[in-house]
Amino acid sequence: MKVGQFYPTIGIECHVQFKTVTKLFTPIANDAREAEPNTLVGPLCFGLPGTLPVLNKEVIALAIRAGTALQAEISEYSKFDRKHYFYPDLPKGYQITQFDQPIILEGRVEAVLPDGEIKVVRIEHAHLEEDAGKSTHPEGADYSLVDLNRAGTPLLEIVSAPDMHSAAEAKAFARELYLLMKYSDVSEANLYYGNMRFDVNVSVSTVEGELGTRTETKNLNSFRSVEKAVEYEIKRQTELLEKGDTIVQETRGWDDAKQKTFSQRSKEDAHDYRYFPEPDIPPIQLTPEYIKKIASQLPKLPKELRDSFSTLGLDRSQIEAIIYEPEIAHLLSRVQEMHDRGTARIIANWLTGEIARLLSSHEVTVDEVVTALPGLLTIAGMIDGEQLSSTAAKDILLPIIREKLDPKVYAEQHNLLQVSDESDLMVLITEVITSNQKAADDVRNGEDKAIGFLVGQVMKASRGTANPAVVAELIKKQLTK
């Protein structure tokens, strides 16, 4: 994509917090979302002399799951290194990370663009590392505060190749990466709590295929902020170059209120960190059998589910809405495997319609929807058997999902069962014809649209319980004798 006379290039680094019970190198609780500051800490978090790291084995299994989702090669041999820098939220003065021999090697992400096209973004590698603490700077105060609850949280840093060339591609990549980490079940992937954070590298060049001087905008925690930060940086850099100015390689922050980036500090290079191998942690040696065993445990991933759901005749927006919530997607996948296409399509339309509305309004939870599957299948069967209209079915979804009631009993108790008995329907049809003589005459004169109007009036009179197909046949029979 060309912007004026310039070619933008974007690469993204994503930090993913793993959902382990304890931290990466110390048996301290890992979930710091609601904890009071500096309560989930131990000697290693403070970098006290004599403390030694011990690797959390579960992190390795999660890394293999993540790497498999990234279609990446898992390295049988990897090691940890020390990355030195000095900041208040890093008491040790170095971060334990992986430098030149990471656990995850080259992979790829197939991001879905708004028009349905697939953008393939290469993954250069992904490495394990510990998170730092968190510094806060109270407005108007002459001091800063440090919370070390997050220090030592296991992270996977996923590094993309500079394969993106627009804000839309960057946003699509970030979204797909989120889905892959969610489906592989390695992270809570809660963007609000910073379980996934995106660092966006942007450069522009006058020569296609060449990289310009890049800036890195750090700690973006939404797909929209990724998109807007890229848009802003492309615009800012092109305007500077058009004026004959130079781009400074630097780290920038994102001001969401002002929708603009701002300078934070000059960008360091690898040699500034004085990497060397971590002497207190032995290298990781994995067997092909262990890698294969862990990789085989992954569920169906977004690409496979998209391909499967497309056979139901759903549009792209419906499919993406279902894919966004893994538990909902897996529910539909189970329906598709065990039942006919018609049943699966009915369930899919609810999941993107009335059930989606109930979820967004917090009237039901995802768990309640999943556990209500037997009831949902019963309702779908009642529609297929012409016992229940689609309108009535929509009305009973809430009580069936929330209270796990028997749909047939509930529909009968509330007079929602569809009426197909000819004698019962003829009473309503006669009343409707008598009250709508012009429409009746139109039907007698062969105007089919008028039948639809009369059917609608009968449905209204029956409060949606009349079988519309039977009503239409009876009206034709009555008026075309």
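Residues numbered from 1 in each chain as written. Predicted model: local features only at pLDDT ≥ 70, side-chain atom pairs only at ≥ 80, totals over all residues. Heavy atoms only, no water.

Novice: Teacher, can you tell me more about the pattern of salt bridges here?
Specialist: Working definition: two side chains of opposite charge can pair if their charged atoms are close together. In this structure the tally under the stated criterion is 26 salt bridges. The shortest N-O distance in the salt bridge between lysine 79 and aspartate 100 comes to 2.9 Å. Residue lysine 79 is located in the loop between β2 (77-78) and β3 (81-84), and its partner aspartate 100 is located in the loop between β4 (94-97) and β5 (107-112); the two are separated by 21 residues in the primary sequence. The partly exposed category is assigned to aspartate 100, whose relative accessible area is 48%. Of the charged contacts in the structure, one is a salt bridge between arginine 150 and aspartate 131, with a shortest N-O distance of 3.3 Å. Taken together, the positions of arginine 150 in the loop between β8 (145-147) and β9 (154-160) and aspartate 131 in the loop between β6 (118-130) and β7 (134-136) put the pair 19 residues apart, joining distant regions of the chain. We classify arginine 150 as partly exposed; its relative accessible area is 24%. (Salt bridge = Lys/Arg side-chain N within 4 Å of Asp/Glu carboxyl O. Helix = DSSP H or I, 4+ residues; strand = E, 2+ residues; numbered from the N terminus. Buried < 20%, exposed > 50% of the residue type's maximum accessible area, 1.4 Å probe, protein only.)

Novice: Please clarify how the sheet that holds β4 should be interpreted in this entry.
Specialist: Either a parallel or an antiparallel arrangement is found when strands of a sheet pair, and the pairing is made through backbone hydrogen bonds. Pairing in this open sheet of three strands is antiparallel, and the strands run β4-β3-β14 from one edge to the other. Each end of this open sheet is capped by a strand with a single partner; those strands are β4 and β14 (276-277). (Pairing = 2+ DSSP bridges.)

Novice: Help me out: how do you make sense of the nonpolar core in this one?
Specialist: The tendency in soluble globular proteins is for nonpolar side chains to be buried side by side. In this structure, Met196, Phe198 and Trp350 are the most contacted members of the largest nonpolar core, which totals 105 residues. At ten residues, the largest contribution of residues to this core is made by helix α3 (residues 167-183). Among all residues touching phenylalanine 198, those that are not within four sequence positions of it are Ile12, Glu13, Cys14, Ala174, Leu177, Leu191, Thr217, Lys218, Asn219, Leu220, Phe223 and Val226. With 19 residues, the next largest nonpolar core counts Met426, Val443, Val455 and Val471 among its residues. (Core = buried A, V, L, I, M, F, W, Y, C linked by side-chain atoms within 4.5 Å. Contact = heavy atoms within 4.5 Å.)

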